[in-house]
Amino acid sequence: MLSPSPEQVRSFRLRAHHLDAPRKAADIEKIAGACGMQNSPPGAWEAALHCRIPGCSVEEIRRFLYDQRLLLQAWSLRGAPYVFPAAESGVFLSALIPQEDEPWIYTKGIALALDFLQMPFAPLLAALRQAISALDGRTVTSKNQLDQYLAGRMLPLLPADKRDLWERPSMYGSPDKQTVGGAVVSFLLRPCAFYGLVVFGRREGIHPTFTSYKDWTGHPLVSGEDTARRLVRKFLHCFGPATPGMLADWMGCSGKQARRLWEAAEEELEPVPFLGKKAYILSADRESLFSPVDFPADPLLLSGHDPYLEQRDREVLVQDPARQRQVFRTVANPGVVLYQGEAIGTWKAVGKGQGLEIRMDLWEEAVPKAVLSRLAEDYAAFRGQRLLGVSFT
């Protein structure tokens, strides 16, 4: 059985992620809908689009989300904020809803609060689904305000002997700002997002705003057909060859849920050996995967959490395990200097006074520093900042 080389896989994935050549703003839905774009930290989705549509300003990019509303931001994969085409809400929201005894994405940490309240998960989610209807016609500014507002709306729906416990200080690290009820709401907002009950609105300064899906789009969420199959297609088209376990990691879901979704697309898949293991691709992608390697000539400065960096077989992107740890951290992932689909270093932008200083840690001299300096200038201009300097180590 023919096995693709790592170079062929990188070339294939670059094309799938629209990183092989500059794209046009008219293709915004296709680009953002390839596999969605994480927006944590805030602004990550804008930086990702800058790499794909370099001629598009940040103001133009935001108009697709805030004014034209071709795009939508909501909690999605791994419980993180994601930006994706509003027309594909069913794939990025409804498809994540578990069935039967599958656990919800992101909600494992709620167990501490449930033990304190001595209440099960299901009735609390049902109560929040009832209370969250108050977001129709309303916008709430800041995540903490949203948590506490909805916790207050849930209070009358709880058994009388639980209400005092509900209003006690949170056990999750911000007892001066959050109650136990607010912490419960924070976990349960992810399931509510998957049901199409809450989305992000227009950002106000440093604070996000929140409203209902219906308020933002003008209609309730309609999931459509084949959402599970379509989600698996997106995953394999962007990250194949892959396995159900890699799908589970990408989604942040249980292995059981990932296997159920995988089965929905099984007839469209075929096995290929890769990195010494059995993996799968879409049969429709075979020709593209095994085509001659074709890398773009220029490097890219990918921001941390760019969709391309969500590859679960990290050795394809970074061979050295020590360098993998530099790229993939628990928090504050750096950007990646990408050349021919492979990481050749990391970078970060540091705000200083009236501009940005960009620092690059290069592992190899595959690209002239003058080329990387021009990319740094482009990034600073995109952010509307003056470039104070570029340093290399």
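The structure reproduced in this document is the subject of the present report. The structure presented is a predicted model; accordingly, all values stated were derived computationally and were not measured.

Criteria and thresholds
Residues numbered from 1 in each chain as written. Predicted model: local features only at pLDDT ≥ 70, side-chain atom pairs only at ≥ 80, totals over all residues. Heavy atoms only, no water. Helix = DSSP H or I, 4+ residues; strand = E, 2+ residues; numbered from the N terminus. Rg over C-alpha atoms; globule rule 2.2 N^0.38 Å. Buried < 20%, exposed > 50% of the residue type's maximum accessible area, 1.4 Å probe, protein only. Contact = heavy atoms within 4.5 Å. Lys, Arg positive; Asp, Glu negative; His and termini not counted. Charge placed at Lys NZ, Arg CZ, Asp CG, Glu CD. Salt bridge = Lys/Arg side-chain N within 4 Å of Asp/Glu carboxyl O. Axes fitted to C-alpha atoms, helices over the stretch in contact; angles between N-to-C directions. Left-handed = near helix turned anticlockwise from the far one by under 90°. Phe/Tyr/Trp six-rings, centres within 6.5 Å; stacked < 30°, edge-to-face > 60°. Lys NZ or Arg CZ within 6 Å of the ring centre and 35° of its normal. Nonpolar A, V, L, I, M, F, W, Y, C, P; charged D, E, K, R; others polar. Polar contact = N/O pair within 3.5 Å; in protein donor to acceptor, adjacent residues only side chain to side chain. Pairing = 2+ DSSP bridges.

## Re the overall build of the protein chain
No. 1: When you go through the protein chain residue by residue, the secondary structure sums to 17 helices and 13 strands.
No. 2: In terms of C-alpha radius of gyration, the protein chain reaches 22 Å, essentially the compact-globule figure of 21 Å for 393 residues.
No. 3: Dimensions along the principal axes, computed over C-alpha positions, put the protein chain at roughly 65 × 55 × 40 Å.
No. 4: Burial statistics for the protein chain: of 393 residues in total, 53% are counted as buried.
No. 5: Taking as baseline every contact in the protein chain between residues at least 6 positions apart, the subset at least 24 positions apart corresponds to 64%.
No. 6: Seen as two clouds, the 46 positive and the 45 negative side-chain charges of the protein chain have centres 4 Å apart.

## Some remarks on the environment of Asp 136
No. 1: Summarising the element assignment, Asp 136 is placed in the loop between helix H7 (121-131) and strand S4 (140-141).
No. 2: For the pair Asp 136 and Ser 212, spaced 76 residues apart in sequence, the C-alpha to C-alpha distance is 5.5 Å.
No. 3: Once residues lying within four places of it in the same chain are set aside, the contact partners of Asp 136 are Ser 212, Lys 214 and Asp 215.

## Points about the environment of Ile 53
No. 1: Mapped onto the elements of the fold, Ile 53 is located in the loop between helix H3 (44-52) and helix H4 (58-66).
No. 2: Under the relative-accessibility criterion, Ile 53 is labelled buried at 2%.
No. 3: When near neighbours in sequence (up to four residues on either side) are disregarded, Ile 53 contacts Arg 23, Lys 24, Ala 25, Ile 28 and Ile 31.

## As for the environment of Val 327
No. 1: In this structure, Val 327 sits in helix H16 (residues 321-327).
No. 2: Placed 18 residues apart in sequence, Val 327 and Gly 345 show a C-alpha to C-alpha distance of 8.7 Å.
No. 3: For Val 327, the contacting residues outside a window of four places in its chain are Val 318, Asn 333, Pro 334, Val 336, Thr 346 and Trp 363.

## Examining the pattern of salt bridges
No. 1: Counting across every chain of the model gives 22 salt bridges.
No. 2: Residues Arg 62 and Glu 46 are paired through a salt bridge, measuring 2.9 Å at the closest nitrogen-oxygen approach. Taken as a pair, Arg 62 in helix H4 and Glu 46 in helix H3 lie far apart in primary sequence, 16 residues in all.
No. 3: If you follow the salt bridges from partner to partner, you end up with Asp 226, Arg 229, Arg 233, Glu 267 and Glu 268 in one network.

## Points about the packing of helix H13 (residues 244-251) against helix H14 (residues 255-264)
No. 1: Their axes nearest at 8 Å, the elements H13 and H14 cross at an angle of 115 degrees. Crossing angle aside, the handedness with which H13 passes H14 is right-handed. Between H13, through Pro 244, Leu 247, Ala 248 and Met 251, and H14, the contact on the second element is made entirely by Gly 255, Gln 257, Ala 258, Arg 259, Leu 261 and Trp 262.

## Topic: the packing of aromatic side chains
No. 1: Inspection of the entire model under this criterion finds 13 aromatic pairs.
No. 2: Between the aromatic rings of Phe 235 and Trp 250, the centroid separation amounts to 5.2 Å while the plane-to-plane angle is 35 degrees, which identifies the pairing as tilted. One end of the pair, Phe 235, is in helix H12 (residues 227-239); the other, Trp 250, is in helix H13, and 15 residues separate them in sequence.
No. 3: Judged by its relative accessible area of 0%, Phe 235 falls in the buried class.
No. 4: Take Trp 250: its relative accessible area is 1%, and that puts it in the buried class.
No. 5: One aromatic cluster is present, formed by Trp 75, Phe 200 and Phe 210 through successive ring pairs.
No. 6: A cation over an aromatic ring shows up here: Arg 69 above the ring of Trp 216, its NZ or CZ 3.5 Å from the ring centre.
No. 7: One residue, Arg 190, lies across the ring of Tyr 106, its end atom 3.9 Å from the ring centre.

## Side note on the packing of H3 against H4
No. 1: For the pair H3 and H4, interaxial distance at closest approach is 10 Å and the crossing angle is 115 degrees. Relative to H4, the crossing made by H3 is right-handed. Each of Trp 45, Glu 46, Leu 49 and His 50 in H3 lies in contact with H4, whose residues at this interface are Val 58, Ile 61, Arg 62 and Leu 65.
No. 2: Split into classes, the residues belonging to the contact of H3 with H4 amount to five nonpolar, one polar and two charged.

## Thoughts on the side chain of Glu 88
No. 1: One can find Glu 88 in the loop between strand S3 (81-85) and helix H5 (89-92).
No. 2: At a separation of 2.8 Å, a polar atom in the side chain of Glu 88 contacts the side chain of Lys 234.
No. 3: Excluding residues within four positions of it along the chain, Glu 88 makes contact with Gly 33, Arg 230 and Lys 234.

## So, the side chain of Arg 229
No. 1: Within the secondary structure layout, Arg 229 lies in helix H12.
No. 2: Taking relative accessible area as the criterion, Arg 229 reaches 15% and is therefore assigned buried.
No. 3: Residues contacting Arg 229, with those up to four places away along its chain left out, are Ala 264, Ala 265, Glu 267 and Glu 268.

## Side note on the pairing of S3
Consecutive side chains of a regular strand alternate in pointing toward one face of the sheet and then the other.
No. 1: For S3, the tally of buried residues reaches five of five residues, placing the bulk of the element in the interior.
No. 2: In this sheet, S3 lies alongside strand S1 (residues 37-38) in antiparallel orientation, the contact comprising two bridges. Of the residues in S3, the one forming a bridge with Met 37 is Val 83.
No. 3: Examined bridge by bridge, strand S2 (residues 71-75) and S3 share five bridges and lie antiparallel to one another. In the sheet register, Gln 73 faces S3, and the bridge partner there is Val 83.

## Re H3
No. 1: A large share of H3 lies buried, amounting to nine of its nine residues.
No. 2: By the burial criterion, the buried members of H3 are Ala 44, Trp 45, Glu 46, Ala 47, Ala 48, Leu 49, His 50, Cys 51 and Arg 52.

The values reported here are purely geometric and, on their own, carry no functional implication.
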